[in-house]
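Overview (structure and organization)
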There are 2 protein chains.
Amino acid sequence: MDIQELLNRGFRVKKYRKDSIVYEPGMLPKFVYFIKSGEVRMVTVSDDGKEFIQGIFKRDQYFGEPAIIVNRRYLAYTIVSKDAEIIPVGNNDFFNLIRNEPNFSTDLIQTLSNRLFYKSMMLEELANEKAEHRLLTIINYLTNDIEVGETLKITRQELADMTGLRVETVIRGVKILVDRGSIKLNRGKIIKI
Amino acid sequence: MDIQELLNRGFRVKKYRKDSIVYEPGMLPKFVYFIKSGEVRMVTVSDDGKEFIQGIFKRDQYFGEPAIIVNRRYLAYTIVSKDAEIIPVGNNDFFNLIRNEPNFSTDLIQTLSNRLFYKSMMLEELANEKAEHRLLTIINYLTNDIEVGETLKITRQELADMTGLRVETVIRGVKILVDRGSIKLNRGKIIKI
DNA sequence: CTATTAATATGATGCAGATCATAATTTAAC
DNA sequence: GTTAAATTATGATCTGCATCATATTAATAG
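Keep in mind that this is a model prediction, so the values were computed, not measured. (Residues numbered from 1 in each chain as written. Chains lettered and ligands numbered in written order. Predicted model: local features only at pLDDT ≥ 70, side-chain atom pairs only at ≥ 80, totals over all residues. Heavy atoms only, no water.)

1. Description of the relation of the copies chain B and chain A
One chain copy maps onto the other through a rotation about an axis and a shift parallel to that axis. Rules: Least-squares fitting of one copy onto the other uses the C-alpha atoms of those residues that reach a pLDDT of at least 70 in both copies.
With an RMSD of 0.0 Å, the fit of chain B onto chain A corresponds to turning through 180° and sliding 0.0 Å along the axis. As the rotation angle and translation indicate, the two copies are arranged about a two-fold axis.

2. Describing the protein's contact with DNA strand D
Short version of the rule: Residues are labelled near a given molecule or strand when at least one of their non-hydrogen atoms is within 4 Å of it. In protein, a polar contact requires one atom able to donate a hydrogen and another able to accept it; more generally it is a pair of N or O atoms within 3.5 Å, and residues adjacent in sequence count only if both atoms are side-chain atoms. Each helix corresponds to a stretch of at least 4 residues labelled H or I by DSSP, and each strand to a stretch of at least 2 residues labelled E; elements are numbered beginning at the N terminus. Residue type decides the class: Asp, Glu, Lys and Arg count as charged, Ala, Val, Leu, Ile, Met, Phe, Trp, Tyr, Cys and Pro as nonpolar, and the leftover types, Gly among them, as polar.
The environment of DNA strand D is formed by 16 residues, the closest being Ala131, Arg166 and Thr169 of chain A together with Arg156 and Lys175 of chain B. Put simply, 68% of the atoms of DNA strand D that lie within 4 Å of the protein are in sugar or phosphate. Taking arginine 172 of chain A, its side chain carries an N or O atom lying 3.2 Å from a base oxygen of DNA strand D. In the environment of DNA strand D, a base nitrogen lies 3.0 Å from a nitrogen or oxygen atom belonging to the side chain of arginine 172 of chain B. Broken down by secondary-structure element, the contributors of at least two residues to the surface near DNA strand D are helix 7 (167-180) of chain A together with helix 7 (167-180) of chain B. Broken down by element, the surface near DNA strand D gets its largest block of residues, four residues, from helix 7 of chain B. In terms of residue class, the surface near DNA strand D is made up of three nonpolar, three polar and ten charged.

3. Considering unusual backbone geometry
Note the threshold: Relative accessible area decides the class of each residue, using a 1.4 Å probe on protein chains only: under 20% of the type maximum gives buried, over 50% gives exposed, and in between gives partly exposed.
You will see that asparagine 71 of chain A, though not glycine, has its phi angle at about 55°, which is positive. With respect to the secondary-structure elements, asparagine 71 of chain A resides in the loop between helix 2 (65-70) and strand 6 (77-90). We classify asparagine 71 of chain A as exposed; its relative accessible area is 60%. The backbone of aspartate 60 of chain B sits at a positive phi, close to 75°, despite the residue not being glycine. Within the secondary structure, aspartate 60 of chain B is located in the loop between strand 4 (51-58) and strand 5 (62-63).

4. Remarks on the protein's contact with DNA strand C
With respect to spatial proximity, 16 residues lie near DNA strand C, and among them Lys175 of chain A together with Lys130, Ala131, Arg166 and Thr169 of chain B are the closest. Expressed as a percentage, the sugar and phosphate content of the atoms of DNA strand C within 4 Å of the protein is 67%. Take lysine 175 of chain A: an N or O atom from its side chain is 3.2 Å from a phosphate oxygen of DNA strand C. Contact between DNA strand C and lysine 189 of chain A: a phosphate oxygen at 3.2 Å from a side-chain N or O atom of the residue. Looking at the surface near DNA strand C, the elements with two or more residues in it are helix 7 of chain A together with helix 7 of chain B. When grouped by side-chain class, the residues that make up the surface near DNA strand C number three nonpolar, three polar and ten charged.

5. Let's talk about the pairing of strand 4 of chain B
The criterion, for reference: At least two DSSP bridges between two strands are required for those strands to pair.
As paired elements, strand 3 (residues 31-45) of chain B and strand 4 of chain B share seven bridges and run antiparallel to each other. Paired with valine 45 of chain B across the two strands is glutamate 51 of chain B, which belongs to strand 4 of chain B.

6. Let's talk about the side chain of serine 113 of chain B
Convention followed: Any two residues having at least one pair of non-hydrogen atoms within 4.5 Å are treated as being in contact.
Mapped onto the elements of the fold, serine 113 of chain B is located in helix 4 (residues 102-128). From its side chain, serine 113 of chain B meets the backbone oxygen of isoleucine 109 of chain B in a polar contact 2.9 Å long. Apart from residues no more than four positions distant in its own chain, serine 113 of chain B is found in contact with Pro66, Ile69, Val70 and Leu112 of chain A.

7. Examining the packing of aromatic side chains
As a reminder of what qualifies: Centres within 6.5 Å make a pair out of two Phe, Tyr or Trp rings, where for Trp the six-membered ring is used; the pair is then stacked when the planes are under 30 degrees apart, edge-to-face when over 60, and tilted otherwise.
Tallied over the entire structure, the rule returns 24 aromatic pairs over all chains. Centre to centre, the rings of phenylalanine 34 of chain B and phenylalanine 104 of chain B are 6.2 Å apart; their planes meet at 40°, and the pair counts as tilted. One end of the pair, phenylalanine 34 of chain B, is in strand 3; the other, phenylalanine 104 of chain B, is in helix 4, and 70 residues separate them in sequence. For phenylalanine 34 of chain B, a relative accessible area of 1% corresponds to the buried category. Aromatic ring contacts, followed pair by pair, group Tyr23, Phe31, Tyr33, Phe57, Phe63 and Tyr74 of chain A into a single cluster.

8. Structural notes on the interface of chain B and chain A
We count it as follows: Summed over both partners, the accessible area lost on bringing two parts together, with a 1.4 Å probe, is the buried area. When a carboxyl oxygen of Asp or Glu lies within 4 Å of a side-chain nitrogen of Lys or Arg, that pair is called a salt bridge.
Tallying the contact residues gives 38 residues for chain B and 38 residues for chain A. Across the chain B/chain A interface, buried area totals approximately 3500 Å², and carbon plus sulfur atoms make up 70% of it. Among the residues chain B hides against chain A, the three largest losses belong to Leu116, Phe117 and Leu123 of chain B. Together they make up 21% of the total. For the pair chain B and chain A, the number of links is zero salt bridges. At the boundary of chain B with chain A, the tally comes to ten residue pairs in polar contact (both at pLDDT 80 or more). Residue assignment for the side of chain B that touches chain A shows that the elements contributing at least two residues are strand 3, strand 4, helix 2 (65-70) and helix 4 of chain B. The dominant element in the side of chain B that touches chain A, judged by the number of residues it contributes, is helix 4 of chain B, at 19 residues. Within the side of chain B that touches chain A, the residues separate by chemical class into 18 nonpolar, eleven polar and nine charged.

9. Observations concerning the pattern of salt bridges
All told, the structure shown has 19 salt bridges over all chains when counted by the stated rule. For lysine 36 of chain A, the salt bridge identified is with glutamate 85 of chain A, shortest N-O distance 3.7 Å. With a gap of 49 residues between them, lysine 36 of chain A in strand 3 (residues 31-45) and glutamate 85 of chain A in strand 6 connect regions that are remote in the sequence. Residue class for lysine 36 of chain A comes out partly exposed when judged on its relative accessible area of 29%. Notably, a salt bridge pairs arginine 9 of chain B with glutamate 101 of chain B, separated by 2.7 Å at the nearest N-O pair. Taken together, the residues arginine 9 of chain B in the loop between helix 1 (3-8) and strand 1 (14-16) and glutamate 101 of chain B in the loop between helix 3 (91-100) and helix 4 connect sequence positions 92 residues apart. Of the residues examined, arginine 9 of chain B reaches a relative accessible area of 41% and is grouped as partly exposed. Taking relative accessible area as the criterion, glutamate 101 of chain B reaches 22% and is therefore assigned partly exposed. One salt-bridge network, held together by shared partners, links Glu5, Arg9 and Glu101 of chain A.

The following block contains the structure:
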């Protein structure tokens with residue numbers, strides 16, 4: 001079930017500007033969102049305003065299904081990180097996709113399993129490991145889908161928000177990893193080795 | 001796809017004694033495990049031996065699918081907490097279930113979504129919240145499936161292993177929550193209010 | 001090119017929770 | 001009922017990271 005197929009079936013694209021909010025905690029889920037272009041981040045926010053990035057979603061990915069499937073209110077915000085075109089697929093249409101498109105249901109199972117893997121990995125890190133270990137793990141994970149020599153387009157703040165650390169700690173941690181030779185930088189940005 | 005149905009189809013039950021290990025990190029996944037009786041816990045262990053409980057699985061539940069589905073080595077141990085009877089369903093049989101049993105595939109999607117919900121909740125807690133908040137969240141989550149007045153059959157150590165805290169911290173934290181009136185005890189055990 | 005704004009950097013201080021030690025209590029085993 | 005093992009309890013100390021303050025550098029806008 002790709003974007004083109006959804007368009008063929010008459011689903012409409014909605015445009016979202018950077019920083020707009022697709023949904024927020026407490027809302028009842030009504031749609032699953034398929035991304036045609038742009039980027040969003042799913043974040044939970046603590047009482048004192050600290051963001052934790054639960055996931056980042058880009059072109060050709062979808063988000064928002066678990067809440068629909070288990071029929072519970074959202075726990076997180078989803079915020080547009082880069083201007084985006086998104087196709088909201090309603091509740092019933094979504095369940096029809098699952099029922100009638102074996103390929104989609106297989107893809108969904110794969111997608112959910114992948115996210116579980118990521119979250120299990122991060123839970124272990126946050127529960128048991130210290131700053132540098134957490135950083136190295138997330139960096140290795142993120143460099144998985146780029147080529148050797150390419151740079152990771154991510155800020156220290158984003159690394160902080162993915163690892164539950166603070167920017168200052170990330171900055172110091174990254175330095176330590178560089179000194180140790182665990183990672184390399186190019187003009188301040190982490191590159192895959 | 002319930003246990004009886006699997007038995008009818010000729011799948012065999014395997015007995016596991018308490019403390020035996022169903023699989024450990026690094027192993028290639030070959031089976032999905034359906035629990036007929038007993039209980040297992042899925043844990044990751046840090047370099048210095050600290051356990052983190054990724055999940056607890058009981059009668060009529062299954063575990064081990066994500067690794068099969070994404071075809072990656074296990075990240076965690078699964079250890080038998082109470083003598084168990086388990087039906088290992090091989091790789092191919094499992095994929096046949098997904099393909100040929102729409103009900104099973106729907107159930108799997110539900111199950112995966114529920115686990116994602118739990119893990120997202122815990123990630124937020126571990127990333128952003130302090131001891132007492134974490135404890136209250138996990139206690140509320142656990143008391144979801146018992147009746148008012150019933151006691152939670154869980155030790156402080158287990159609470160520690162689910163929240164990434166240390167026993168002493170859990171003991172002190174539980175006391176604080178009791179003082180605040182957030183939770184109640186009965187002979188040392190937490191009861192649902 | 002210059003002005004803003006965002007990102008990275010660095011030191012000083014504080015504190016929540018880990019760690020260590022040791023004891024009291026409850027539960028299980030015989 | 002007695003012993004052993006597990007669980008809960010409590011105080012003292014240590015430490016990694018948060019927090020706060022303030023620069024420096026890099027990226028972006030006009």
